[in-house]
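Chain residues, written in single-letter form:
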Amino acid sequence: MIRPLAFALAALLPLAPAASAQTADERDPLLYVLEDDDSRVYLFGSIHLLDAASYPLPDDVEAAYADAEALAFEIDMSDLATIQQAVMARAQYADGRTLQEALGEERFAQLDSLSSMLGLPGAALTSYEPWAVQLTLAGLGVQTLGYNAQNGVDVHFTTRARADAKPILALETADEQTAIFDEMPETAQIAWLAEMLDEWDEQAATFERLIAAWRSGDAEALAALLNDMPADVRPALLHDRNARWVPQIEGMLAGDDDVLVIVGAGHLVGEGSVVEMLRAKGYTLTRQ
């Protein structure tokens, strides 16, 4: 059974052993603020799968949460049933085709070897499209290394917001997010899955660099790591979504409430990022 799609871009992260622990005052993850006369919008770059050693978060992140009267995420992670429904509605082939037919015998055998190692034999995956298999296996691989969604920034703050009765906003619905993957050309889906299979044994050091870059807030390193994906995948996953989110963030700033917006760190770095788009429209964003 395909697991629920957890935080979508989380599965773009490569795999690795846990990075060395840091104390909260040694960490400086990406946090920006833009403000007008009566409100603030904070932009916090998330890592969707983390370990317990990543907490507590730095004081400026905690201060942003305390100041925020509402939180906004990529999707509303408090409604897991809706997320599961959205994924399962799109993850399987609707025309009777199989993953084995899409990949070919040799590539499917490679997939079966890896997925069986992760406890999910290839035979259980044959009715699912390549994008869903890629996300599922990548997520399982991260979990074997001690990182999981329960410790991710999104769940951490969703849980706290619910306990503190702070409204939760969503920049897109679960179905809209799932559709991004489902509507990719199958050739792009297969290339993405094949890249993961071919590089599976080489990515431990990459993830270690990624976690270190996130903890230190190294925007340049994060951009290099998080934008490293097939060229025909990148626009749909990053640039196009950023462009849809910017007007919503502007709307939050135009309101009266202070809002903490939490999105994957890849959306706040590099060319075509949310930060770059807002600055291009004349907004001043201050790094905290």
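Scroll up a little and you will see the structure.
These numbers were taken from a predicted model, which means no experiment stands behind them. (Residues numbered from 1 in each chain as written. Predicted model: local features only at pLDDT ≥ 70, side-chain atom pairs only at ≥ 80, totals over all residues. Heavy atoms only, no water.)

Let us look at the packing of aromatic side chains. Taken as a whole, this structure holds four aromatic pairs when the rule is applied. Both rings, one in Tyr65 and one in Phe157, keep their centres 5.4 Å apart while their planes meet at 35 degrees; by these two values the pair is tilted. With Tyr65 in helix α1 (residues 59-67) and Phe157 in helix α6 (residues 153-163), this residue pair connects regions lying 92 residues apart in the sequence. Judged by its relative accessible area of 4%, Tyr65 is buried. Judged by its relative accessible area of 0%, Phe157 falls in the buried class. Between Trp131 and Phe181 the ring centres are 5.9 Å apart and the planes differ by 20 degrees, which places this aromatic pair in the stacked class. With Trp131 in helix α5 (residues 130-144) and Phe181 in helix α7 (residues 174-182), this residue pair connects regions lying 50 residues apart in the sequence. As far as the burial class goes, Trp131 and Phe181 line up, both buried. Counting every residue linked through ring pairs, the aromatic cluster contains Phe44, Tyr65 and Phe157. Against the face of Tyr65 rests Arg160, its NZ or CZ located 4.4 Å from the ring centre. (Phe/Tyr/Trp six-rings, centres within 6.5 Å; stacked < 30°, edge-to-face > 60°. Helix = DSSP H or I, 4+ residues; strand = E, 2+ residues; numbered from the N terminus. Buried < 20%, exposed > 50% of the residue type's maximum accessible area, 1.4 Å probe, protein only. Lys NZ or Arg CZ within 6 Å of the ring centre and 35° of its normal.)

Tyr55 connects to Pro56 through a cis peptide bond whose omega is 5 degrees. Examined against the element boundaries, Pro56 turns out to sit in the loop between β2 (40-46) and α1.

The subject of this paragraph is the nonpolar core. Ranked by internal contacts, the top residues of the largest apolar core, which has 54 residues, are Leu43, Phe44, Phe157 and Leu260. Ile75, Leu125, Ala138 and Leu237 belong to the second largest nonpolar core, which has 38 residues in total. (Core = buried A, V, L, I, M, F, W, Y, C linked by side-chain atoms within 4.5 Å.)

Here helix α2 (residues 80-91) crosses α7 at 30 degrees, and the two axes come no closer than 9 Å. The angle between α2 and α7 places the two elements in the roughly parallel class. The element α2 and its partner α7 pack so that their crossing is right-handed. Here Thr82, Ile83, Ala86, Val87 and Arg90 of α2 lie close against α7, whose contacting residues are Ala174, Asp175, Thr178, Ala179 and Asp182. Partitioned by chemical class, the residues of the contact of α2 with α7 number five nonpolar, two polar and three charged. (Axes fitted to C-alpha atoms, helices over the stretch in contact; angles between N-to-C directions. Parallel < 35°, antiparallel > 145°, perpendicular 65-115°, else oblique. Left-handed = near helix turned anticlockwise from the far one by under 90°. Contact = heavy atoms within 4.5 Å. Nonpolar A, V, L, I, M, F, W, Y, C, P; charged D, E, K, R; others polar.)

The next thing to look at is the pattern of salt bridges. Tallied over the full model, the rule gives 14 salt bridges. Among the salt bridges present, the one from Asp182 reaches Arg90, with a minimum N-O distance of 3.2 Å. One end of the pair, Asp182, is in helix α7; the other, Arg90, is in helix α2, and 92 residues separate them in sequence. Across the pair Glu186 and Arg97 runs a salt bridge whose closest N-O atoms are separated by 3.0 Å. Linking Glu186 in helix α8 (residues 186-199) with Arg97 in the loop between α2 and α3 (99-103), this pair joins segments that are 89 residues apart in sequence. Judged by its relative accessible area of 30%, Arg97 is partly exposed. Residues joined in a network through salt bridges with shared partners are Glu35, Arg40, Asp67 and Asp258. (Salt bridge = Lys/Arg side-chain N within 4 Å of Asp/Glu carboxyl O.)

Purely geometric numbers; function is a separate question.
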